[in-house]
Amino acid sequence: AQRVTQPEKLLSVFKGAPVELKCNYSYSGSPELFWYVQYSRQRLQLLLRHISRESIKGFTADLNKGETSFHLKKPFAQEEDSAMYYCALSFYNTDKLIFGTGTRLQVFP
Amino acid sequence: GAGVSQSPSNKVTEKGKDVELRCDPISGHTALYWYRQSLGQGLEFLIYFQGNSAPDKSGLPSDRFSAERTGGSVSTLTIQRTQQEDSAVYLCASSSTHIPYFGPGTRLTVT
């Protein structure tokens, strides 16, 4: 069955430290992977998608098909990065999207 | 404001009552989704509409849950005989380019 796994419920780091939010997926087809972010009292919004291969707010994510992973990374965390992060998987040739359980990132000053 | 809107923003209801949650998608978006967001459960897929195709209802947790999308636009999620475990934030999203845009959600509290 298709599944997105985010093993960490909470990740706490100090400002300036590197951050890696883990995401693994299970899907037999060709996946499209996304990271969504939800800041406090704001709606869920797209952070980045793997096919864009871009860096947003200093975050990057590389799709590793061998390890079925799409980990989100940032070399130097900022306090404003504190938020809930969700990894998501889109099924080939559809818009259907399933999400992981999310990881709360706390960045301390 | 061209974003996805949802109403009401908050709903408190008594156990056993029926509730209707409304979603107004972005104009022209052919795909519409409902998700449930609760502590510890993340974002749970409920139902997905795409154009005139039959909806994907595979995520609806029980037959107390149903959804309609009228005229390819507005959608209503109905929960019958609400239970306390239905308490959550219900999120709607719409898309036209494989990227869903989310509404602010409806917080449902069942007492």
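Here the structure is a predicted model, which is why all the values come from computation and not from measurement.

Asks: Can you help me understand the overall build of chain B in this one?
Replies: A tally of regular secondary structure across chain B gives zero helices and 10 strands. Reading chain B from its N terminus to its C terminus gives the helix and strand order β-β-β-β-β-β-β-β-β-β. Its C-alpha atoms give chain B a radius of gyration of 13 Å, within 12% of the compact-globule value 13 Å for 111 residues. Counting only C-alpha atoms, chain B reaches 40 × 30 × 25 Å along its principal axes. Expressed as a percentage of its 111 residues, the buried residues of chain B come to 47%. A separation of at least 24 residues holds for 53% of the contacts in chain B among residues at least 6 apart in sequence. Total accessible area on chain B is roughly 5400 Å²; 45% of this is exposed by carbon and sulfur atoms. Here chain B carries 10 positive and 10 negative side-chain charges, and the mean point of each set is 3 Å from the other.

Asks: Would you mind showing me how to read the sheet that holds strand 7 (residues 75-79) of chain B here?
Replies: Within a sheet, each strand pairs with its neighbour through backbone hydrogen bonds, oriented either parallel or antiparallel. Residue and element names in this part refer to chain B. If you walk across this open sheet you meet the four strands as 1-3-7-6, and the pairing is antiparallel. Of all the strands in the sheet, just strand 1 (5-7) and strand 6 (65-69) have a single pairing partner and so form its edges. Averaged over all pairs of adjacent strands, the angle between strand axes in this sheet comes to 15°, irrespective of strand direction. Note that strand 3 (residues 19-24) and strand 7 share five bridges and pair antiparallel. Residue Glu-20 lies in a different strand from strand 7, and its bridge partner there is Thr-78.

Asks: Whenever I open this one, the interface of chain B and chain A confuses me. Can you help?
Replies: The partner chain A presents 16 residues to the 22 residues of chain B that form the contact. Where chain B packs against chain A, one counts one salt bridge. Close ionic contact of Asp56(B) with Lys96(A) constitutes a salt bridge, the shortest N to O distance being 2.8 Å. Secondary-structure elements contributing two or more residues to the side of chain B that touches chain A are strand 4 (31-38) and strand 5 (42-50) of chain B. Ranked by the residues each element gives to the side of chain B that touches chain A, the list is headed by strand 5 of chain B, at five residues.

Asks: Please clarify how unusual backbone geometry should be interpreted in this entry.
Replies: Outside of glycine, negative phi angles account for most residues, and trans bonds account for most peptide bonds. Cis geometry marks the peptide bond from Ser7(B) to Pro8(B), where omega comes out at -10°. Following the sequence through the fold, Pro8(B) ends up in the loop between strand 1 and strand 2 (10-13). At Lys57(A), a position not held by glycine, the phi torsion is positive, near 55°. Unlike most non-glycine residues, Arg81(B) shows phi in positive territory, near 50°. Take Arg81(B): it is sitting in the loop between strand 7 and strand 8 (88-95).

Asks: Whenever I open this one, the state of the cysteines confuses me. Can you help?
Replies: Disulfide: a covalent bond connecting the sulfur atoms of a pair of cysteines. In the structure shown here, the tally under the stated rule is two disulfides over all chains. Here Cys23(A) pairs with Cys87(A) through a disulfide, and the sulfurs are 2.0 Å apart. Where Cys23(A) bonds to Cys87(A) through sulfur, the torsion about that S-S bond is close to -65°, and the disulfide is left-handed. With Cys23(A) in the loop between strand 3 (19-21) and strand 4 (24-26) and Cys87(A) in strand 9 (residues 83-90), the pair connects residues that are 64 residues apart, well separated along the chain. Cys87(A) shares its class with Cys23(A); the two are buried. Bridging Cys23(B) to Cys92(B), the disulfide has an S-S length of 1.8 Å. When the S-S torsion is -65°, as for the bridge of Cys23(B) with Cys92(B), the disulfide is left-handed. Of this pair, Cys23(B) sits in strand 3 while Cys92(B) is found in strand 8, placing the two residues 69 residues apart along the sequence. On the basis of relative accessibility, which here comes to 0%, the residue Cys23(B) falls in the buried class. Residue classification places Cys92(B) among the buried positions, given a relative accessible area of 0%.

Reading the values: the criteria
- Residue positions within a chain follow its written sequence, with the count starting from 1.
- Chain letters start at A and ligand numbers start at 1, both assigned in the order the entries are written.
- With the structure being a predicted model, the display of local features is reserved for residues of pLDDT at least 70 and the display and counting of side-chain atom pairs for 80 or more, all residues being used for whole-chain, interface and lining totals.
- With hydrogens and water excluded, all non-hydrogen atoms of the structure serve as input to the side-chain values.
- Helix and strand assignments follow DSSP, with helices taken as H or I runs no shorter than four residues and strands as E runs no shorter than two, numbered in order from the N terminus.
- In this treatment the radius of gyration is a C-alpha quantity, and the globule benchmark scales as 2.2 Å times the residue count to the 0.38 power.
- Only protein chains enter the accessibility calculation, which uses a 1.4 Å probe. A residue is then buried if its area is under 20% of the maximum for its type, exposed if over 50%, and partly exposed in between.
- Contacts are assigned to residue pairs with any non-hydrogen atoms lying within 4.5 Å of each other.
- Exposure was quantified through the Shrake-Rupley algorithm and a 1.4 Å probe, taking into account, for residues, occlusion by the shown protein chains and nothing else.
- For the charge count, each Lys or Arg is scored as positive and each Asp or Glu as negative, with His and the chain ends excluded.
- We put the charge of a Lys on NZ, of an Arg on CZ, of an Asp on CG and of a Glu on CD.
- Following DSSP output, two strands are said to pair if at least two bridges run between them.
- Geometry is summarised by axes, namely lines fitted to C-alpha atoms with helices restricted to the contacting stretch, and by angles between N-to-C directions that run from 0 to 180 degrees.
- A pair is scored as a salt bridge if a Lys or Arg side-chain nitrogen falls within 4 Å of a carboxyl oxygen belonging to Asp or Glu.
- Cysteine sulfur pairs qualify as disulfides if the two atoms are within 2.5 Å.

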